Structure formats: structure tokens, C-alpha cells
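This is what each chain is made of:
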Amino acid sequence: MIRKVFSLPFDFHLLIVDDGSPDGTQIIVKDLQNVYPENLFMLQRPGKMGLGTAYIDGFKWAIERKYDYIFEMDADFSHNPDDLVKLRNACVEGADMSVGSRYINGVNVVNWPMSRVLMSYFASVYVRFITGVNIQDFTAGFVCYKRNLLETIELNKIKFVGYAFQIEMKYTAVKHGFNVVEVPIIFTDRTAGSSKMSSGIFKEAVLGVIQMKINSIFRKYPEG
């Protein structure tokens, strides 16, 4: 079982959302499904449709199957699977969304160039300034949600498809009155592959946050 591989005390299920990746992801996952038939799943999409839509399709898959706690994380081990337990426990103890935060206790990032650290850190400073919401790591992509939160916030209204998706999910959760808790983690950059950060993604985050804030003034957010 997957939990034995990572020495986790709970039986986690893993869903891989694959957008026709050319690196053989589908073949590897299908082979591993023979080893972990009850724990490993794959959702195949026809092509690149954006990071945000991949997460949303994964969330909908999990909601349909009535999972109580639904996680998002990178699959390159920059997020430590052992931290899944900490995020789950935070939700068991009262959080509706627990965020694996790189910045809640200083800066806990390994193997990133200083330019990337500064861009990531000050992105959250910028979002806090625009939104007035005190989350230290707005762009974090290691998150645990209670199913009720994802059922409430109307996923089809989430507009960002790049890394700003992470910002919009956290901001929307807060606007709905959900309890968002940051859990300290250590983020270790990937040892293989490359970042998908681009000028378009950066522009979406900078200008999109302002538009998100303006739109929120005219939108009603039923409490969860």
C-alpha cells in the first residue's frame, strides 16, 4: 500500500491528473496501479488545459467519491509526503483548509535561488496588501481541504488557471468564512524537471489579484 512506502499512519489514496504528459507519466502510473490497485488512480485529460483546471477536475473526482479530506500537492517530492499527516491533523482539529506554509515560521525553502525565494515571498506580501487577508504563504500548493469547503465555494467560479489559482482558492475560502490554518513545512526544490513559471503566469498573478479583489466587492459569499 502507498502508506507503507511513505510510512504514513493513514491509508491515503493518490490521484494523478495527467494532461497528456510527454514524459511517460501514464505508462509509469499504469504500471504502479498493478502494485497499488486500491490506492493509486489516474485522471487523464486530452492536453494542457491549465494547472487550475487540473486541480478542479481532481477536486470534483474526489468530491464525487465522498472523500472527507482532499489534498493537493506537487508530485516531484518538493512537498514531503510525511507532512500529509500534519495537514490532515490540522483539519481534524478544526481547520477547514490547512496550508503547508513555507513562510509561517521564517523562510523554509531549500535549493531555490535567492531570486525565486524573493519573488515567492514578496508575492504573498503583495497579495496580503491588496486583499487585507493575513495568510503568509498565499502561493503554497500543498493544501488539505475538508470536502464541505470544496462543495461550498463553487469551483466553476474559480477563474485563475496558473499559479494564481492558489491565491484565489485561499482568498475565496476566507471570504466564505472558512477557517484557514497555516502549518509549517520545509519546501525542497525538485532535483529533476523544470519550473513552469512564465511571464504570463506572473502577469496573471499581479494584475489578476487586483481584479479578484474588485470582483469580490460585488459578489456574495454564503458562509460555509
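Everything here concerns the structure above.
Keep in mind that what you see is a predicted model, and the values were worked out from it rather than measured.

Peer 1: Kindly report on the nonpolar core, identifying the contributing residues and their values.
Peer 2: Among the nonpolar cores identified, the biggest contains 33 residues, and F59, L150 and M169 are the most heavily contacted of them. For this core, the elements supplying multiple residues, two or more each, are α3 (51–64), β4 (97–101), β6 (143–146), α6 (147–152), α7 (164–175) and α8 (199–217). Dropping the residues within four chain positions of it, M169 is found in contact with F59, M97, Y145, L150, I153, L155 and I158. F12, L84, C91 and A95 belong to the second largest nonpolar core, which has ten residues in total.

Peer 1: An account of helix α2 (residues 25–35) is needed here, citing residue identities and associated values.
Peer 2: Residues of α2 that are buried include every one of T25, Q26 and V29, and no others. Buried residues of α2, viewed axially, fall in a sector of 90°; they line one side. Opposite the packed face of α2, turned more than 90 degrees from it, sit the exposed residues I27, N34 and V35. On its buried face, α2 sits against β1 (14–18) and β2 (40–44).

Peer 1: Describe in detail the packing of α3 against α7, supporting the description with residues and values.
Peer 2: The contact between α3 and α7 brings their axes to 9 Å, and the two run at 50°. Taken together, the axes of α3 and α7 lie oblique to each other. Across from G52, Y55, I56 and F59 in α3, the residues of α7 making contact are F165, Q166 and M169. Looking at the contact of α3 with α7 residue by residue, the classes come out as five nonpolar, two polar and no charged.

Peer 1: So what about a nonpolar patch on the surface? Which residues, and what values?
Peer 2: On the surface, I210, I214, I217 and F218 cluster together to form a nonpolar patch covering roughly 430 Å² of accessible area. Among the secondary structure elements, F218 is positioned in the segment after α8.

Peer 1: Give me the lowdown on the layout of surface pockets, citing residues and values where you can.
Peer 2: Rolled over the atoms, a probe with the dimensions of a water molecule shows which regions are left empty. Quantified by volume, the second largest pocket comes out at close to 220 Å³. For the second largest pocket, the full set of lining residues is K157, K159, F160, E168, T172, G208, Q211, M212, N215, S216, R219 and Y221. Of all the elements in the fold, those that place two or more residues in the lining of the second largest pocket are α7 and α8. Among the elements that take part in the lining of the second largest pocket, α8 stands out by supplying five residues, more than any other. Among the residues forming the lining of the second largest pocket, the class breakdown is three nonpolar, five polar and four charged.

Cut-off values and rules
Residues numbered from 1 in each chain as written. Predicted model: local features only at pLDDT ≥ 70, side-chain atom pairs only at ≥ 80, totals over all residues. Heavy atoms only, no water. Core = buried A, V, L, I, M, F, W, Y, C linked by side-chain atoms within 4.5 Å. Buried < 20%, exposed > 50% of the residue type's maximum accessible area, 1.4 Å probe, protein only. Helix = DSSP H or I, 4+ residues; strand = E, 2+ residues; numbered from the N terminus. Contact = heavy atoms within 4.5 Å. Arc of directions from axis to C-beta. Axes fitted to C-alpha atoms, helices over the stretch in contact; angles between N-to-C directions. Parallel < 35°, antiparallel > 145°, perpendicular 65-115°, else oblique. Nonpolar A, V, L, I, M, F, W, Y, C, P; charged D, E, K, R; others polar. Patch = residues over 30% accessible without salt bridge, like charges linked within 9 Å, V, L, I, M, F, W, Y side chains within 5 Å. Areas by Shrake-Rupley, 256 points an atom, 1.4 Å probe, with all protein chains shown as cover. Salt bridge = Lys/Arg side-chain N within 4 Å of Asp/Glu carboxyl O. 1 Å grid on protein atoms, 1.4 Å probe; cavity = no way out; pocket = protein on both sides within 12 Å on 5 of 7 lines; lining within 4 Å. Points joined across faces, edges and corners; volume = space filled by probe spheres on them.

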